[in-house]
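The lines below spell out each chain.
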Amino acid sequence: MSQVNPTAGRQEYCFATKAIHEGQEPDPSTGALITPIYQTSTFVLEELGKNKGYQYARTHNPTRSALEECLASLENAKYCLASASGLSAAATVINLLSAGDHVIVGEDVYGGVYRLFEKVFSRYGLTFTYIDGKDIDAIERAITPKTKLVWLESPTNPLLRLADLRKVGELTKSRGLIFAVDNTFATPYFQRPIELGADIVIHSTTKYISGHSDIIGGAVVTSNDELYEVLKFHNNAVGAVPGPFDCFLALRGVKTLALRMKEHQSNAFAVARFLEQHPGIEEVYYPGLESHPQYDLAREQMKGFGGVVACVVKGGIEAARDVVSNTKLFQLAESLGGVKSLICHPASMTHAPIPKEVREPLGIVDGLIRLSVGIEESEDLIRDLDAVLPRAKGFSNSNEKQLVGANA
Ligand SMILES: *Cc1c(COP(=O)(O)O)cnc(C)c1O
């Protein structure tokens, strides 16, 4: 078993097969079918100067190597470094930079990434400019002689806006910049940014990759030999690496990524279409709907549209609070990408620290709700929402009946 990732050009199997087999040959020492949890901190030398490819578990661990090989192959990339969380994966990418360097960032980037950039790395002399990732001219205008990196999410959270990854890739290449894409929402099943021109992909494996809402993890993926060497150095030197048990769970989860993403998407479509025709809903955001302003781009650069749907409920904050507090299957929680459906209210949860005057122009209005549609039966999910959504005047609804009953 080798800890390096000689994965170049590894396209001979289809995605679902790679998710189950890549990096996951039967264990060479015992024949165990499933990669074991190598719960050890260090590895004994055969003799001075000679080991079996492993030395100390911060640097390499066989369970982690298996996960890394698998994730690299799913992104059709050469290398992957597993990280302790999505945010530590982001930090590993920023570790490529030095004081004085400038980064261009999508304005609706994940809140924790924004916090990492502004509250941690800005103290180290890095500067960040936030732009609308779908506006290629805005990206170009933001480039300065100090710019080193462009960091985008696509689709974004929670409004599912897209950046044209191919165009941004051409721009960054022509200007000698590194282009990093947070591919957490789409997953490599639906979108492979490195094939579109990105240099680096990062993941919060906490979400769809592990898929069961039971670990925190991250990954950095690249096909660039030079970047990989520097990223690998920092992954080890800083040391925010995942333990073998979390790697095992991520590997267990990723085996069903293809199956799960198909089901997440089919449920998300069903929910989005139901919401679109519902009288209590003002607006629905899902890149798979023809009403999405970037529907054509979504079809061009993605193989599917994912499992996150956002909508604006009529009746503002009260109506939205009422909805998120009363669903029975959709659990009120931050995060996404697990088999269990989640619901959240960005204005008072994930985006609460952003002042109303700043978040409203970005579309994060008081009535906005974000759904991470799980893989329960879609009929049950729709019934769960239907029971709590506000009705247009004159409609009776089961929620009102419940409330009347409760008051009586
Ligand atoms: C959750 C998330 C992160 C952060 O990942 P953690 O695993 O929570 O550290 C980064 N980007 C996106 C898009 C996320 O959804």
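Residues numbered from 1 in each chain as written. Predicted model: local features only at pLDDT ≥ 70, side-chain atom pairs only at ≥ 80, totals over all residues. Heavy atoms only, no water.

### Examining the environment of G100
Thought 1: Position of G100 among the secondary structure elements: in the loop between α3 (86-94) and β2 (102-106).
Thought 2: On the accessibility criterion, G100 (31% relative accessible area) is partly exposed.
Thought 3: As for G100 and K146, which are separated by 46 residues in sequence, their C-alpha atoms are 7.1 Å apart.
Thought 4: In this structure G100 touches G125, L126 and K146, once residues within four positions along its chain are discounted. (Helix = DSSP H or I, 4+ residues; strand = E, 2+ residues; numbered from the N terminus. Buried < 20%, exposed > 50% of the residue type's maximum accessible area, 1.4 Å probe, protein only. Contact = heavy atoms within 4.5 Å.)

### Notes on the domain arrangement of the chain
How big an interface is tends to be stated in terms of the accessible area lost upon association of its parts.
Thought 1: Entries for the chain in the domain assignment read domain 1 (15-254) and domain 2 (257-407).
Thought 2: Put simply, the middle of domain 1 and the middle of domain 2, counted by C-alpha atoms, are 28 Å apart.
Thought 3: For the pair domain 1 and domain 2, the two sides together bury roughly 3,100 Å², of which 63% comes from carbon and sulfur.
Thought 4: Counting across the domain 1 and domain 2 interface gives 13 residue pairs in polar contact (both at pLDDT 80 or more).
Thought 5: Those elements that place two or more of their residues in the side of domain 1 that touches domain 2 are α1 (15-21), α6 (165-174), α7 (187-190), α8 (193-196) and α10 (244-254).
Thought 6: Per element, the largest residue contribution to the side of domain 1 that touches domain 2 is 4 residues, and it comes from α7.
Thought 7: Across the side of domain 1 that touches domain 2, the residue classes break down as 19 nonpolar, 9 polar and 8 charged. (Domains from an automatic or database assignment. Buried area = accessible area lost by both parts, 1.4 Å probe. Polar contact = N/O pair within 3.5 Å; in protein donor to acceptor, adjacent residues only side chain to side chain. Nonpolar A, V, L, I, M, F, W, Y, C, P; charged D, E, K, R; others polar.)

### As for the packing of aromatic side chains
Thought 1: Per the stated rule, a full pass over the model turns up 12 aromatic pairs.
Thought 2: Relative to Y228, the ring of Y79 has its centre 3.8 Å away and its plane inclined at 5 degrees; by these criteria the two rings are stacked. Separated by 149 residues along the polypeptide, Y79 in strand β1 (residues 79-83) and Y228 in helix α9 (residues 225-238) bring together distant segments of the chain. Taken individually, Y79 and Y228 each receive the classification buried, so the pair is uniform in this respect.
Thought 3: Each ring, one from F117 and one from W151, has its centre 5.5 Å from the other, and the planes form 85 degrees; the classification is edge-to-face. Remark: W151 occurs in strand β4 (residues 147-153) and F117 occurs in helix α4 (residues 111-120); sequence separation between them is 34 residues. (Phe/Tyr/Trp six-rings, centres within 6.5 Å; stacked < 30°, edge-to-face > 60°.)

### A word on the packing of α3 against α4
Thought 1: As a packed pair, α3 and α4 sit with axes 10 Å apart at the nearest point and diverge in direction by 40 degrees. When the interaxial angle is binned, α3 and α4 end up oblique. The interaxial crossing formed by α3 with α4 has right-handed handedness. Side by side, α3 and α4 meet where L87, A90, A91 and I94 of the first sit next to G112, V113, R115, L116 and F117 of the second. (Axes fitted to C-alpha atoms, helices over the stretch in contact; angles between N-to-C directions. Parallel < 35°, antiparallel > 145°, perpendicular 65-115°, else oblique. Left-handed = near helix turned anticlockwise from the far one by under 90°.)

### Some thoughts on the sheet that holds β4
Thought 1: Taken together, the 7 strands give an open sheet; going across it, the order is β1-β7-β6-β5-β4-β2-β3, and neighbouring strands pair in mixed fashion. Sheet topology places β1 and β3 (127-131) at the edges, where each strand pairs with a single neighbour. In this sheet, adjacent strand axes meet at a mean angle of 20 degrees when their direction is disregarded.
Thought 2: Here 5 bridges tie strand β6 (residues 200-204) to strand β7 (residues 218-222), and the two strands are oriented antiparallel to one another. (Pairing = 2+ DSSP bridges.)

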